[in-house]
Amino acid sequence: MSATSTTPDGLALRGVSLRLGDGEEYVQALDGVDLTVARGEFAAVVGPSGAGKSSLLAVAGGLTRPTSGTVTVAGRDLLAGSRRDRARLRREEIGFVFQSGNLIPALTAAEQLVLPTRWAGRGGRRGPGARTLLADLGLADKADRRPDRLSGGERQRVGIARALVTAPSLVLADEPTASLDRARSHEVVALLAREARARNVAAVMVTHDLDVLAHCDTVYEMIDGRLTRAQ
Ligand SMILES: Nc1ncnc2c1ncn2[C@@H]1O[C@H](COP(=O)(O)OP(=O)(O)OP(=O)(O)O)[C@@H](O)[C@H]1O
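What counts, and at which threshold
- Residues numbered from 1 in each chain as written.
- Predicted model: local features only at pLDDT ≥ 70, side-chain atom pairs only at ≥ 80, totals over all residues.
- Near = placed C-beta within 6 Å.
- Helix = DSSP H or I, 4+ residues; strand = E, 2+ residues; numbered from the N terminus.
- Nonpolar A, V, L, I, M, F, W, Y, C, P; charged D, E, K, R; others polar.
- Buried ≥ 20, exposed ≤ 12 C-beta atoms within 10 Å, placed from the backbone.
- Pairing = 2+ DSSP bridges.

### Considering the site of the ligand
Item 1. Surveying the vicinity of the ligand reveals the residues Leu-20, Gly-21, Val-27, Ala-29, Gly-47, Ser-49, Gly-50, Ala-51, Gly-52, Lys-53, Ser-54 and Ser-55.
Item 2. The set of elements that each furnish at least two residues to the shell around the ligand consists of strand E1 (11-22), strand E2 (25-37) and helix H1 (53-60).
Item 3. Of all the elements, H1 adds the most residues to the shell around the ligand, at three residues.
Item 4. Looking at the shell around the ligand residue by residue, the class counts come to four nonpolar, seven polar and one charged.

### Details of unusual backbone geometry
Item 1. Positioned with a positive phi, Ala-74 is a non-glycine residue whose angle comes to about 55°.
Item 2. Take Ala-74: it is sitting in the loop between strand E4 (68-73) and strand E5 (76-77).
Item 3. Given 19 C-beta atoms within a 10 Å radius, Ala-74 is considered partly exposed.
Item 4. Phi angles above zero are rare outside glycine, and Ala-167 is one such case at about 50°.
Item 5. For Ala-167, the position within the fold is in the loop between helix H6 (152-164) and strand E7 (170-174).
Item 6. With 19 C-beta atoms packed within 10 Å, Ala-167 lands in the partly exposed category.

### Here's the deal with the sheet that holds E1
Item 1. Taken together, four strands build an open sheet; the order of strands is E2-E1-E4-E5 and the sheet is antiparallel. The sheet is open, and its two borders are formed by E2 and E5, each paired with just one other strand.
Item 2. Of the pairings in the sheet, the one linking E1 to E4 comprises five bridges and is antiparallel in character. Looking across to E4, one finds that Ala-12 is bridged to Thr-72.

Take a look at the structure:
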C-alpha cells in the first residue's frame, strides 16, 4: 500500500480541523490537516509547544472528535458508529505509547500486557503472546518484574510491548523519550521503528527530540495547527 493511496490501510486524516474552547475564546488547535501514514511507515511530528501535536494524536487515536474532517484507521471510519463501536475500533486497531510508560505499579511486565488483549477481545485476529513480545523487545528476563524494578528504558520498552500486543494497525507515541537520556532515547525509538516495520504497523510519534528523527521514514512539522511535510 503506497502512502498516497486513496484507501489506506494505515492512518488517514483528511481536512481535519479542531477548534477548542468556546465563544470568542477559541483556539484553532488543528487547521485543515491531511496526513497519510501507511502500514510499516514510521512518521514523526515535531513542532513548538502549543502547535497542536497532542491534539493531532488525540484525534488520530479517536480520543477527541474533530470539528470537521475524516479519520480512518485500517480503512475504518474512526468517527462513525456509536460510542461503543468507536471504543472497540480503538481497542482493536490502535496502540498507545505514553511519555513515561504509564505502567500499572502493581503488575509485572507480563501482566501489563494482559489487560489490552482482554479489552480488545478480538475474534479471529490474535496478537503475539506477551512473553514472546517481551523477549522480542529484549525483556525476556524481566517479564516477572514490576515497574519499580525496571529502568526507565525498560519501562518504556514494556510500554511499547503493551501497545503492540493486540496486533494493532496503528501505534501512536506521545513524546516516548521525554524521560530518557540520549542513549536510551535512541535505543527506544530504534526499537519502536524496527517493530513497527517488522509488524507492518503505521506509527506516528510526536517528539521534541530532533536527535531521534533519523529513525523515522517521514517527518512532519506542526505550526499553529497546520501540518507540513519536513522530510
Ligand atoms: N481544552 C482546551 N481548551 C482550549 N484550548 C486548548 C485546550 N487544550 C489545548 N488547547 C490549546 O490548543 C493548542 C494546541 O495544544 P496541543 O496540546 O495540541 O499542543 P502541543 O503541540 O501538543 O503542545 P506541547 O508540545 O506543549 O505538548 C494550544 O494553544 C493549547 O493551549
